[in-house]
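Okay, here's what each chain looks like letter by letter:
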Amino acid sequence: MGKNEYIFKEYYQRLCLYAYKLVDDMFLAEDIVQDAFCSFLDKSGDVSEDEKAIRQYLYSSVRFLIYNHYRKNKARQVYWEKTRYVEAENSSFEREIIYAEVMNEVLKIIETMPEACANIFRKGYLEELSNKEIAEELDVSVNTVKTQKRRGMKILLNKIHPEYISLFLLFLQK
Amino acid sequence: MSPFCLLNVTIYIEMTNKPRYIASLINRYLTDDLSNDEYHDLLEWLAEDPANKQLFQRFTDSKHYQKDIKFLLGLDLEVAWQKTKSKRIKTDPKVSIRSNWMKIAVAVLLIFVGAWFVWQNPVRSIQSDDSTTSEERSHDIDPANGGANLVRSDGSIIKIESEELIIDQGGVHLASGEKERTIEFTKSEQLAKTMNTLEVPKAKYLKILLADGTKVWINSMSKLHFPSDFSVVERRVILEGEAFFDVAEDGDRPFIVESKETEIKVLGTEFNVNSYGKTVETALKQGSVLVERGEKSLVLKPGEYAEANEKGIKKSIVDLDYVLAWKNDEFLFHNDNIITIASQISRWYGVEVKFQGEVMYDRLYTGSVSRKAKLSETMDMLEFVSDLSFKLDGNKLIIKKEEKI
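Note that the structure is a prediction, hence the values are computed from the model and not measured.

Cut-offs applied
- Residues numbered from 1 in each chain as written.
- Chains lettered and ligands numbered in written order.
- Predicted model: local features only at pLDDT ≥ 70, side-chain atom pairs only at ≥ 80, totals over all residues.
- Heavy atoms only, no water.
- Helix = DSSP H or I, 4+ residues; strand = E, 2+ residues; numbered from the N terminus.
- Expected span 1.5 Å × (residues − 1).
- Buried < 20%, exposed > 50% of the residue type's maximum accessible area, 1.4 Å probe, protein only.
- Polar contact = N/O pair within 3.5 Å; in protein donor to acceptor, adjacent residues only side chain to side chain.
- Contact = heavy atoms within 4.5 Å.
- Pairing = 2+ DSSP bridges.
- Axes fitted to C-alpha atoms, helices over the stretch in contact; angles between N-to-C directions.
- Core = buried A, V, L, I, M, F, W, Y, C linked by side-chain atoms within 4.5 Å.
- Phe/Tyr/Trp six-rings, centres within 6.5 Å; stacked < 30°, edge-to-face > 60°.
- Lys NZ or Arg CZ within 6 Å of the ring centre and 35° of its normal.
- Salt bridge = Lys/Arg side-chain N within 4 Å of Asp/Glu carboxyl O.
- Left-handed = near helix turned anticlockwise from the far one by under 90°.
- Nonpolar A, V, L, I, M, F, W, Y, C, P; charged D, E, K, R; others polar.
- pLDDT = per-residue confidence, 0-100.

Some details on helix α10 (residues 338–349) of chain B
Residues and elements named next belong to chain B.
Reasoning step 1: The end-to-end C-alpha separation of α10 is 16 Å, in line with the 16 Å expected for twelve residues at 1.5 Å each.
Reasoning step 2: Among the residues of α10, Ile338, Ile341, Ala342, Ile345, Ser346, Arg347, Trp348 and Tyr349 are the ones counted as buried.
Reasoning step 3: Of the residues flanking the end of α10, it is glycine 350, one or two places downstream, whose phi is positive at about 65°.

A few points about the side chain of serine 275 of chain B
Residues and elements named next belong to chain B.
Reasoning step 1: Tracing the chain through its elements places serine 275 in the loop between β15 (270–274) and β16 (280–286).
Reasoning step 2: For serine 275, the side chain forms a polar contact with the side chain of serine 259, separated by 3.0 Å.
Reasoning step 3: Dropping the residues within four chain positions of it, serine 275 is found in contact with Leu239, Glu240, Gly241, Ser259, Lys260 and Val280.

Focus on the sheet that holds strand β25 (residues 396–401) of chain B
Residue and element names in this part refer to chain B.
Reasoning step 1: What the three strands build is an open sheet, ordered β22-β25-β24; its pairing is mixed. The sheet is open, and its two borders are formed by β22 (352–356) and β24 (388–393), each paired with just one other strand. Mean inter-strand twist for the sheet, computed between neighbouring axes without regard to direction, equals 25°.
Reasoning step 2: Relative to β25, β24 is paired through six bridges, and the arrangement is antiparallel. By the bridge assignment, leucine 388 is partnered in β25 with lysine 401.

Re the nonpolar core
Reasoning step 1: Phe37 and Val62 of chain A together with Ile26 of chain B are the most contacted members of the largest nonpolar core, which has 57 residues in total.
Reasoning step 2: Considering every element that reaches this core, the biggest residue donor is helix α1 (residues 3–23) of chain A, with twelve residues.
Reasoning step 3: Excluding its chain neighbours within four sequence positions, the residues that come into contact with isoleucine 26 of chain B are Ile98 and Val102 of chain A together with Leu42, Trp45, Phe56 and Phe59 of chain B.
Reasoning step 4: Core analysis: the next-biggest nonpolar cluster, separate from the first, contains 40 residues, Ile158, Leu198, Val280 and Leu298 of chain B among them.

Looking at the packing of aromatic side chains
Reasoning step 1: In total, this model carries 17 aromatic pairs over all chains according to the counting rule given.
Reasoning step 2: Plain terms: the ring middles of phenylalanine 230 of chain B and phenylalanine 255 of chain B are 6.2 Å apart, the flat faces sit at 70° to each other, and that makes the pair edge-to-face. You can see phenylalanine 230 of chain B sitting in the loop between β10 (222–227) and β11 (235–240) and its partner phenylalanine 255 of chain B sitting in strand β13 (residues 255–259), a full 25 residues away along the chain.
Reasoning step 3: Between phenylalanine 245 of chain B and phenylalanine 255 of chain B, the aromatic rings sit 5.9 Å apart at their centres with planes inclined by 55°, giving tilted as the arrangement. Placement of phenylalanine 245 of chain B in strand β12 (residues 242–246) and of phenylalanine 255 of chain B in strand β13 is noted, with a sequence separation of ten residues between them. Take phenylalanine 245 of chain B and phenylalanine 255 of chain B: they sit in the same class, and that class is buried.
Reasoning step 4: One aromatic cluster is present, built from ring pairs that chain together Phe8, Tyr12, Phe37, Phe40 and Tyr57 of chain A together with Trp81 of chain B.
Reasoning step 5: Over the ring of phenylalanine 244 of chain B we find lysine 327 of chain B; its NZ or CZ atom is 4.4 Å from the centre of that ring.

What about helix α2 (residues 18–30) of chain B?
Since there are 3.6 residues in each turn of an α-helix, residues three or four apart along the chain are aligned in direction.
Residues and elements named next belong to chain B.
Reasoning step 1: With 13 residues, α2 ought to run about 18 Å at 1.5 Å a step, and its terminal C-alpha atoms sit 18 Å apart, in line with that.
Reasoning step 2: Along α2, the residues classified as buried are Pro19, Ile22, Ala23, Leu25, Ile26, Asn27, Tyr29 and Leu30.
Reasoning step 3: Aspartate 32 sits one or two positions beyond α2 and adopts a positive phi of about 60°.

A look at the pattern of salt bridges
Reasoning step 1: For the structure shown, the criterion picks out 29 salt bridges over all chains.
Reasoning step 2: Ionic pairing is found between lysine 21 of chain A and aspartate 68 of chain B, a salt bridge with its closest N-O pair at 2.9 Å. Of this pair, lysine 21 of chain A sits in helix α1 while aspartate 68 of chain B sits in helix α5 (residues 62–74), which puts the two residues in different chains. One exposure class covers both lysine 21 of chain A and aspartate 68 of chain B, and it is buried.
Reasoning step 3: Between aspartate 35 of chain A and lysine 87 of chain B there is a salt bridge whose closest N-O contact spans 3.1 Å. Pair noted here: aspartate 35 of chain A is in helix α2 (residues 26–43) and lysine 87 of chain B is in helix α6 (residues 77–91), and the two residues belong to different chains.
Reasoning step 4: Judged by its relative accessible area of 31%, aspartate 35 of chain A is partly exposed.
Reasoning step 5: Linked through salt bridges whose partners overlap, the residues forming this network are Glu10, Arg14 and Glu101 of chain A together with Arg20 of chain B.

Regarding the pairing of strand β23 (residues 365–370) of chain B
Residues and elements named next belong to chain B.
Reasoning step 1: The buried count for β23 comes to five of six residues, which makes it a mostly enclosed element.
Reasoning step 2: As judged from the five bridges shared by strand β21 (residues 330–336) and β23, these two strands associate in the antiparallel manner. If you follow leucine 332 over to β23, its bridge partner there is serine 368.

Side note on the packing of α2 of chain B against helix α3 (residues 36–48) of chain B
Axes are the key here: two packed helices are described by the angle between their axes and the distance separating the axes.
Residue and element names in this part refer to chain B.
Reasoning step 1: Interaxial distance between α2 and α3 falls to 10 Å at its minimum, and their mutual angle equals 115°. Read as a crossing pair, α2 and α3 show a hand that is left-handed. Contacts from Lys18, Tyr21, Ile22, Leu25, Ile26, Arg28 and Tyr29 of α2 reach α3 at Glu38, Tyr39, Asp41, Leu42, Trp45 and Glu48.
Reasoning step 2: Looking at the contact of α2 with α3 residue by residue, the class counts come to eight nonpolar, no polar and five charged.

A closer look at the sheet that holds strand β2 (residues 148–151) of chain B
Residues and elements named next belong to chain B.
Reasoning step 1: The sheet built from nine strands is open, its strands ordered β3-β2-β7-β10-β11-β13-β14-β17-β18 with mixed pairing. Edge positions in the sheet fall to β3 (157–160) and β18 (296–300), since each has one partner strand and no second. Averaged over neighbouring strand pairs, the angle between their axes works out to 20° when direction is ignored.
Reasoning step 2: Relative to β11, β10 runs antiparallel, the two being bridged by three bridges. Along β11, the bridge assignment pairs histidine 225 with isoleucine 238.

What to know about the pairing of β12 of chain B
All names here are of chain B.
Reasoning step 1: For β12, the tally of buried residues reaches four of five residues, placing the bulk of the element in the interior.
Reasoning step 2: Relative to β12, strand β9 (residues 215–218) runs antiparallel, the two sharing four bridges. Opposite isoleucine 218, over in β12, you have alanine 243 as the bridge partner.
Reasoning step 3: One ladder, built from five bridges, connects β12 with β15; its direction is antiparallel. When the sheet's bridge partners are listed, alanine 243 is paired in β15 with valine 273.

As for the confidence of the model for chain B
Residue and element names in this part refer to chain B.
Reasoning step 1: Residue-level pLDDT values for chain B average 76, and 81% of them are 70 or greater.
Reasoning step 2: Below a pLDDT of 50 lies the segment residues 1–15, which in the model reaches 28 contacts outside its immediate sequence neighbourhood of four places, other chains included.
Reasoning step 3: Across residues 92–136 the pLDDT falls below 50, and counting only partners more than four positions away or on other chains, this stretch makes 86 contacts in the model.
Reasoning step 4: Here the complex is predicted with pTM 0.45, and the ipTM for its interfaces comes to 0.76.

Set out below in structure tokens:
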């Protein structure tokens with residue numbers, strides 16, 4: 001994987017979420033983020049290789065493209081009117097960046113969970129299959145299912161503030 | 001030039017690393033991993049603005065994030081990456097190329113609008129003085145034009161100067177060019193279904209319509225062997241080099257492209273085959289094809305790409321705009337090194353390429369040039385975006401590192 005592809009895959013999801021929260025349109029959000037990456041790739045020689053600079057450039061580009069989009073489409077001022085945000089109000093954009101960054105980290109934590117464990121955990125707690133059903137479906141022993149379930153719960157409980165477990169459980173609904 | 005220049009100044013300064021720090025605090029709060037000091041910082045931030053508190057409460061409200069999580073999980077990174085890459089190529093404005101230096105400079109700027117880049121090295125600043133301009137090119141070479149040699153089954157060679165050929169049981173019809181004429185197949189050739197060959201040399205290309213309605217675009221330095229009439233069980237041609245096939249549908253007779261021990265079987269579809277090197281590369285635009293080599297075989301779906309060689313067959317996703325650029329009268333480079341670029345130029349303009357001195361072979365270039373441009377125009381563009389100098393000496397294109405003035 002080239003450096004550009006790596007940066008793309010590292011930042012794509014969180015930038016899309018950021019754009020999505022600002023424009024409330026999934027397709028438009030992806031479109032805007034892809035355009036932001038185009039501009040980044042075109043200018044990557046000008047942007048410092050520092051991770052912080054790259055992140056700032058990308059978030060700034062998304063914000064700029066959204067601003068431009070609404071300036072061009074006066075009829076669709078969803079975000080700007082709904083939220084009455086003024087262009088100069090940085091703090092609201094910053095909050096959306098915070099939200100996107102947090103959700104991105106949450107996604108990463110879940111991804112570090114061993115797949116076999118996550119799989120069984122998902123089937124057990126979300127699809128509410130019995131241990132026997134899971135064992136049959138995955139062609140493993142009932143004991144394995146029990147062990148993996150315990151492991152999954154342990155990972156969650158060790159890592160996550162009890163109040164937010166539901167947030168992490170939702171990620172298992174892939 | 002770009003509004004981003006403005007943006008960089010205004011927003012870069014305003015943005016701090018604070019959002020990142022707060023995000024990490026929230027994360028560690030969620031995962032119950034916060035120190036006392038950090039907890040203090042978090043509380044302070046929460047007290048700063050009621051909106052901050054609202055943001056924090058989003059994480060306890062499943063209604064709020066459920067939709068966002070679904071959105072995140074629905075994103076396909078691979079598809080998005082491919083799409084972004086193809087978007088970049090499409091958004092390059094195409095500007096006609098003119099010989100005047102300043103006009104070329106503008107055209108190059110637009111076509112390559114930052115589109116060339118070298119990750120490791122900062123982009124060399126573009127100077128407006130004339131120090132890098134090309135001197136008057138003493139002579140020039142036109143781009144490739146239509147033409148080929150037809151080698152008949154008896155070994156006789158007929159030179160064809162036409163861009164398009166129509167081939168049917170009766171013979172080869174020259175559809176364009178100065179003289180419209182037909183090279184007839186003899187009765188015995190028709191009966192024996194003998195093989196004929198179209199040899200497309202350097203600086204030539206050819207479009208042909210086969211008897212079954214299949215269209216073939218043949219790139220320069222390529223050969224296509226075809227029978228005077230297809231058999232009733234299959235339609236088989238043999239390719240050396242590169243061609244794009246738009247195969248007419250015929251459910252009873254598969255169309256087979258044979259190339260270097262690899263067979264590509266189709267019923268009706270559009271695909272590109274490149275066998276200039278040791279590997280036979282097949283890229284599928286529409287329909288489906290079966291790629292076979294020895295015992296191994298695999299089926300391609302549109303947008304997929306197969307590389308077949310002595311090691312086997314490998315499948316991957318492909319940027320069709322990139323693979324089919326040659327057919328669309330374009331040189332399109334995407335993270336290509338100078339060797340790839342030079343070999344395409346060599347085939348198209350019929351020149352020999354020589355590298356001199358220290359040339360950075362690992363630098364990558366992205367951008368497009370019309371294949372209708374004269375060699376000097378293409379040279380000017382490449383000179384402009386690279387740190388290389390291009391000189392034409394007779395039929396030799398000499399590429400070397402640009403001397404600093």
